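Residues per chain are reported as follows:
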Amino acid sequence: MAKKTNSFEDLGGFVFSTNENFDFNTNEDFETPAPHLQKLEARLDKKNRGGKIATIIKGFEGTEDDLKALAKKLKTLCGVGGSAKEGEIIIQGNFRDKIMEYLTKEGYKVKRVGG
């Protein structure tokens, strides 16, 4: 059975334009906002992870390279593995308080979500 698409983003973004002057590469000039303009959410999750806890940071706005750079800093800080994709950073283990403290020092606005 095929996966159901819920939005245009599920189709991969750009679909079709009738505008003759449309420039497909206009989104590449996007810059990552300063940390004090970012509103992040820190939550703990253990769904679909075999009962193991992961710390999830959501709400990052910026380039994929900046997201991966921040994820690398957080993984190094905690000494664990993780991943970064689609504006979300996943850190293995319960490091929410440590990550929130670090992000606050860096100037990000971090909100604790859940328990």
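Structure's up top.
Residues numbered from 1 in each chain as written. Predicted model: local features only at pLDDT ≥ 70, side-chain atom pairs only at ≥ 80, totals over all residues. Heavy atoms only, no water.

Novice: Explanation requested: the side chain of Asp45 in the structure shown.
Specialist: Within the fold, Asp45 resides in strand 1 (residues 39-45). For Asp45, the side chain forms a polar contact with the side chain of Arg49, separated by 3.1 Å. Apart from residues lying up to four places away in sequence, Asp45 is in contact with Lys52, Ile53, Ala54 and Ile56. (Helix = DSSP H or I, 4+ residues; strand = E, 2+ residues; numbered from the N terminus. Polar contact = N/O pair within 3.5 Å; in protein donor to acceptor, adjacent residues only side chain to side chain. Contact = heavy atoms within 4.5 Å.)

Novice: Where do I start with the environment of Lys98 in this structure?
Specialist: Residue position: Lys98 is located in helix 2 (residues 96-105). With 24 residues separating them along the chain, Lys98 and Leu74 place their C-alpha atoms 9.4 Å apart. In this view, Lys98 contacts Leu77 and Cys78; residues no more than four positions away in its chain are not counted.

Novice: Looking at this model, I keep getting lost on the pattern of salt bridges. Mind explaining?
Specialist: Pairing is possible between side chains that carry opposite charge, provided their charged atoms lie close to one another. One pass over the full model with this rule turns up 5 salt bridges. Its salt-bridge partner being Glu101, residue Lys105 comes within 3.7 Å of it at the nearest N-O pair. Within this pair, Lys105 and its partner Glu101 are both found in helix 2, separated by 4 residues, close to a single helical turn. For Glu101, a relative accessible area of 49% gives the class partly exposed. (Salt bridge = Lys/Arg side-chain N within 4 Å of Asp/Glu carboxyl O. Buried < 20%, exposed > 50% of the residue type's maximum accessible area, 1.4 Å probe, protein only.)

Novice: How should I be thinking about the environment of Lys111 in this particular structure?
Specialist: The residue Lys111 is located in strand 5 (residues 109-112) in this model. According to the relative accessible area criterion, Lys111 is exposed, its value standing at 54%. On a C-alpha basis, the gap between Lys111 and Ile57 in space is 9.7 Å, while along the polypeptide they are 54 residues apart. Ignoring any residue separated from it by four or fewer positions in sequence, one finds Lys111 in contact with Leu40, Glu41, Ala42 and Met100.

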